[in-house]
Amino acid sequence: MEDFRRSYLRLCKEGGIDAQESVLAQLHDARTVTGSCRLDLRGQSITVDTCSVLGRVLQSDAVFTEVLLSDCMLSEEGVKLLLNGLCSNTTVKVLDLKGNNMRGTGAEALGQLLVRNKMLRRLVLEWNALGMWEEGFGVFCEGLASNTSLAQLDLRNNQINHQGAAELCIALKRNSTLQELDLRWNNIGLLGGRSILEAMQQNRTLNKLEMAGNNIPSDTLRAIEQSMNHNADRQSTLRESRSRTQVLSKEIQLLKEEKSRQFLSLMETIDRQKDEMGRSSRNSSIRLGQLQEVLSEQKSSVNSLTAKLQMTEAALALSEQKAHDLGELLTRFKLEKAELRDRQSREIQKEQEDSALKEAKLLKEVNSVSEKNLQLRNKLEETERRCKTQQDQIFELKQELTNTTAELKLRLAQTEERLEMEKRRSKQALEDMDGLRQKEVDHLTRHQEESERALQERILKLEGQRIQLEEELSRVKASLVTERAQAEEELGKVRAQVRLEEQQHLTSLEEKLRAVRQSRDESQNHCTHQKQTIAELHAKVGQQSIEMDTLRRRIDELQQDLAGKEQEKVAEVTRVRVELQEQIGHLQAERTAQSGLKEKIAALEREMKVLSTAHREALLDKESEISSLLERLRIREGEIQRIREDEAQRASFLQNAILTYVQGSPLAHFSPKK
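Residues numbered from 1 in each chain as written. Predicted model: local features only at pLDDT ≥ 70, side-chain atom pairs only at ≥ 80, totals over all residues. Heavy atoms only, no water.

1. Observations regarding the overall build of the protein
As a reminder of what qualifies: What counts as a helix is a DSSP run of H or I of at least four residues, what counts as a strand is a run of E of at least two, and both are numbered from the N terminus. Only protein chains enter the accessibility calculation, which uses a 1.4 Å probe; a residue whose area is less than 20% of its type maximum is buried, one above 50% is exposed, and one in between is partly exposed. Residue contacts follow a heavy-atom distance rule, with two residues in contact if any of their heavy atoms lie within 4.5 Å. To be clear on the numbers: accessible area is Shrake-Rupley with a 1.4 Å probe, and residue cover counts the displayed protein chains and nothing else. Neither His nor the chain ends contribute to the count of charged residues, in which Lys and Arg are positive and Asp and Glu negative. Positions of charges follow a simple convention, taking NZ of Lys, CZ of Arg, CG of Asp or CD of Glu.
Of the regular secondary structure elements, the protein holds 13 helices and 8 strands. Along the three orthogonal principal directions, the C-alpha set of the protein runs to about 235 × 70 × 50 Å. Burial status across the protein gives 29% buried among its 674 residues. The contacts in the protein between residues at least 6 apart in sequence include a share of 86% that link residues at least 24 apart. For the protein, the accessible area works out to roughly 45,000 Å², and carbon and sulfur atoms hold 52% of it. Across the protein, the 105 positively charged side chains and the 111 negatively charged ones have centroids separated by 1 Å.

2. Description of the pattern of salt bridges
For side chains of opposite charge, pairing can occur when their charged atoms come near one another. Heads up, the condition is: Between Lys or Arg on one side and Asp or Glu on the other, a salt bridge is scored when a side-chain nitrogen of the former is within 4 Å of a carboxyl oxygen of the latter.
One pass over the structure, following the stated rule, counts 8 salt bridges. Taking the shortest distance from any N to any O, the salt bridge between D40 and R42 comes out at 2.9 Å. What makes D40 partly exposed here is its relative accessible area of 22%. Judged by relative accessible area, which is 44%, R42 ranks as partly exposed. Each of K98, E126, D154, R156, D182 and R184 takes part in salt bridges that share partners, so that together they form one network.

3. Details of unusual backbone geometry
Of all residues except glycine, most have a negative phi; of all peptide bonds, most are trans. Of note, the phi angle at D71 is positive, near 55 degrees, even though the residue is not glycine. Inspection of the secondary structure assignment puts D71 in the loop between β3 (66–68) and α4 (76–86). Of note, M73 is a non-glycine position whose phi angle comes to about 55 degrees, a positive value. Here M73 shows up in the loop between β3 and α4.

4. Concerning helix α3 (residues 48–60)
Here is the rule: Here the expected length of a helix is defined as 1.5 Å per residue gap, with one fewer gap than residues.
Taking 1.5 Å per residue as the helical rise, α3 with its 13 residues ought to reach 18 Å, and the 19 Å between its terminal C-alpha atoms agrees with that figure. All buried positions along α3 are accounted for by T50, C51, S52, V53, L54, G55, V57 and L58.

5. A few points about helix α5 (residues 104–116)
For α5, which comprises 13 residues, the first-to-last C-alpha distance of 19 Å matches the rise-based estimate of 18 Å (1.5 Å per residue) to within 8%. Residues of α5 that are buried: G104, G106, A107, A109, L110, G111, L113 and L114.

6. Describing empty space enclosed by the protein
Over the atoms, a rolled probe matching the size of one water molecule traces out where space is still vacant. Selection rule: A pocket, in this scheme, is an open set of points on a 1 Å grid over the protein atoms alone with protein on both sides within 12 Å along at least 5 of 7 lines, while a cavity is a set where a 1.4 Å probe fits but cannot get out; residues line either one if an atom lies within 4 Å of a point. Grid points are joined across faces, edges and corners, and a volume is the space filled by probe spheres set on the points. Just so you know the grouping, Ala, Val, Leu, Ile, Met, Phe, Trp, Tyr, Cys and Pro go in nonpolar, Asp, Glu, Lys and Arg go in charged, and all remaining residues, Gly too, go in polar.
Counted by the stated rule, this structure contains 2 cavities of 30 Å³ or more. Roughly 110 Å³ of internal volume is contained in the largest cavity. In terms of lining, the largest cavity is formed by S284, R287, L288, L291, L397, L401, L558, D561, L562 and K565. Listed by contribution, the elements that provide at least two residues to the lining of the largest cavity are α9 (218–339), α10 (341–435) and α12 (520–664). By residue class, the composition of the lining of the largest cavity is 6 nonpolar, 1 polar and 3 charged. The space that makes up the second largest cavity amounts to roughly 60 Å³. As for the second largest cavity, its lining consists of Q298, S301, V302, T383, C387, Q544, E547 and M548. Mapped onto the lining of the second largest cavity, the elements with two or more residues apiece are α9, α10 and α12.

7. Observations concerning the side chain of T50
Worth spelling out the cut-off: A 3.5 Å cut-off defines polar contacts: any pair of N or O atoms within that distance qualifies, except that in protein one atom must be a possible hydrogen donor and the other a possible acceptor, and neighbouring residues in sequence count only when both atoms are side-chain atoms.
Along the chain, the position of T50 falls in helix α3. Polar contacts involving the side chain of T50 include one to the main-chain carbonyl oxygen of T47, which spans 2.7 Å.

8. Topic: the confidence of the model for the protein
We apply this condition: A score from 0 to 100, pLDDT tells how confident the predictor is in each residue.
The predicted model of the protein averages 81 in pLDDT, with 91% of residues at 70 or higher. Per-residue pLDDT stays below 50 along residues 30–35; that stretch engages in 8 contacts with residues further than four places along the chain or on separate chains. Low pLDDT (under 50) marks residues 667–674, which in the prediction has 2 contacts with non-local residues, meaning those over four places away or in another chain.

9. Section: the packing of helix α6 (residues 134–146) against helix α7 (residues 162–174)
Stated formally: Fitted lines through C-alpha atoms serve as axes, helices being fitted only where they are in contact, and the angles separating the N-to-C directions of these axes extend from 0 to 180 degrees. Note that the term roughly parallel is reserved for angles under 35 degrees, roughly antiparallel for angles over 145, roughly perpendicular for angles of 65 to 115, and oblique for everything else. Helix crossings are classified by the rotation of the near helix relative to the far one: an anticlockwise turn of less than a right angle makes the crossing left-handed, while a clockwise turn makes it right-handed.
With their axes 8 Å apart at the nearest point, α6 and α7 run at an angle of 15 degrees to one another. Taken together, the axis directions place α6 and α7 in an arrangement best described as roughly parallel. Judged by the sense of rotation from one axis to the other, the crossing of α6 with α7 is right-handed. Of the residues in α7, those touching α6 at E134, F137, G138, C141, L144 and A145 are Q163, G164, E167, L168, A171 and R174. Among the residues making up the contact of α6 with α7, the classes are represented as 6 nonpolar, 3 polar and 3 charged.

10. Thoughts on a negative patch on the surface
Formally: The residues that make up patches have over 30% relative accessible area and no salt bridge, and they are joined within 9 Å when like-charged or within 5 Å when they are Val, Leu, Ile, Met, Phe, Trp or Tyr.
On the surface, a cluster of negative charge is made up of E108, E134, E135, E142 and E167. The element contributing the most residues to the negative patch is α6, with 3 residues. Its relative accessible area of 36% is what places E167 among the partly exposed residues.

11. Remarks on the environment of E522
Following the sequence through the fold, E522 ends up in helix α12. We classify E522 as partly exposed; its relative accessible area is 45%. Counting along the chain gives 200 residues from E522 to K322, while the straight-line C-alpha distance between them is 9.5 Å. Setting aside anything within four residues of it in sequence, one finds E522 in contact with K322 and L326.

Written out as structure tokens, the structure is:
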């Protein structure tokens with residue numbers, strides 16, 4: 001307030017204008033009333049200069065919400081300057097210009113104010129002469145037609161004729177915010193009343209219209225009142241419909257929030273599933289790397305065993321060469337001994353017997369060694385078979401992992417596509433909900449049916465995928481059985497070939513051993529070396545068996561992990577089904593709630609219709625009662641007037657009688673003598 005007073009004084013000094021003391025006093029005494037700041041200058045004469053200064057101040061400073069300038073003897077120029085300043089004001093809501101004798105220029109300035117100002121709610125123009133100038137009043141009516149904020153307008157005693165009423169009716173047809181209009185004590189007449197009645201048939205917002213003292217017939221006034229009542233009923237119904245739409249919009253927002261929450265929960269579950277799948281793939285890759293390392297170690301051990309076997313074969317070849325050399329020496333010795341047979345026959349017989357015994361022992365030892373070699377070869381074959389089976393299993397596991405990863409990727413892509421489709425559908429549904437408020441319930445039901453169909457299609461697709469996976473598992477198992485049968489057949493063939501080769505090798509060894517009887521010591525030494533190597537091979541075979549056990553354990557663990565993953569997949573599928581069923585239940589509950597809301601809305605509409613009909617009937621009854629009461633009042637007033645006339649006649653008769661009595665009494669004869 002002090003800032004406003006200072007700006008007023010500053011502008012007066014700049015323009016060289018004397019500030020009016022009354023205006024300063026009012027600015028000093030101005031205070032806020034129920035949250036609004038009021039500028040009250042009623043009944044004080046304001047000059048043109050002060051009007052210009054006030055217009056500038058009100059244009060720059062946004063302080064007052066009510067400006068009261070009634071009976072201030074404002075001139076046309078002062079009104080124009082003041083209203084030009086108020087055109088850009090954003091705080092004044094009430095303007096009182098009562099009794100300022102505004103005419104053409106004032107009406108034009110008011111028209112510009114109504115066009116440019118978007119905050120004015122009430123305008124009081126009582127006791128002016130706006131209707132005298134048709135052009136100025138036409139500009140005022142054009143501004144009123146284009147205004148979108150004014151709710152109350154007071155035009156009492158403004159000399160408005162039927163032409164001005166026609167202009168005002170054109171403005172009322174275009175205006176959609178004015179609620180109260182006071183046109184009492186003008187000169188509108190019959191034509192103006194008819195034009196106002198036509199305007200009321202198109203205007204839906206005007207609730208209160210005062211038309212007394214305008215020489216309008218009673219039937220037109222009644223028709224205008226009926227149109228006002230219709231507008232009031234319409235606004236009440238509009239308010240109720242707005243409240244209902246607000247309630248429905250709140251419920252729809254709650255449903256949207258619930259759907260968004262459900263969608264976010266689905267997204268979170270999908271993200272969790274993705275994380276779990278990534279972790280499982282990482283763990284499987286780590287385990288595959290470990291298995292590959294173990295296989296490489298086993299391959300290196302097998303390579304070392306093959307190298308040792310090659311060394312033993314080379315040693316056997318050397319022994320064969322030595323046996324051949326010994327055979328040649330034996331032939332020489334036989335030639336020399338042929339001469340000494342006779343002498344040493346007896347000794348030879350004894351030696352033969354001893355040698356026979358020794359040969360039997362040696363044969364037993366050779367047989368035992370050959371059996372041990374066979375066992376070692378069998379063990380080597382078993383280890384090779386196990387390695388092959390492990391490699392096959394690892395290859396199968398890799399294939400299964402690749403298949404599972406591919407299937408999971410496909411599922412993720414399908415789920416992402418479905419989610420995108422659901423997002424698009426939800427966006428379309430939201431846009432439809434925002435664009436068509438009247439068809440919200442129908443659209444929600446359609447959207448729910450589409451979502452139910454989509455969910456059913458998802459369930460069917462998931463079941464089809466599960467059936468395909470089971471068929472693929474059965475096919476893989478059948479292929480594994482066939483591959484195992486083929487591997488067993490190949491192993492049988494290889495075993496037969498190895499046995500034949502071993503038999504041939506044993507025959508050759510027996511022939512060589514027969515030829516190497518004389519080199520027993522060297523063969524015994526060689527056998528001891530072979531025993532040592534066999535012991536080493538036994539130790540290595542034991543280590544390999546331990547490693548094979550560890551590999552079997554790891555394979556069992558991997559199989560258990562795969563079984564756990566399959567169980568987790570089944571659990572996830574069941575959980576998704578449960579979630580889908582829950583969503584279907586929620587949607588059904590929402591449908592039932594919406595059907596209940598529809599029934600409630602229909603019941604409320606029926607009640608509104610019944611109430612409106614009852615209200616109209618009551619209004620008609622009251623109007624008939626009012627008309628009957630008015631007739632009774634007229635009859636009573638006539639009777640009272642008759643009674644008053646009779647009493648007046650009686651009083652006059654009494655007065656005459658008293659006068660005659662007084663004049664005829666003896667006191668009247670003596671009064672002049674005294």
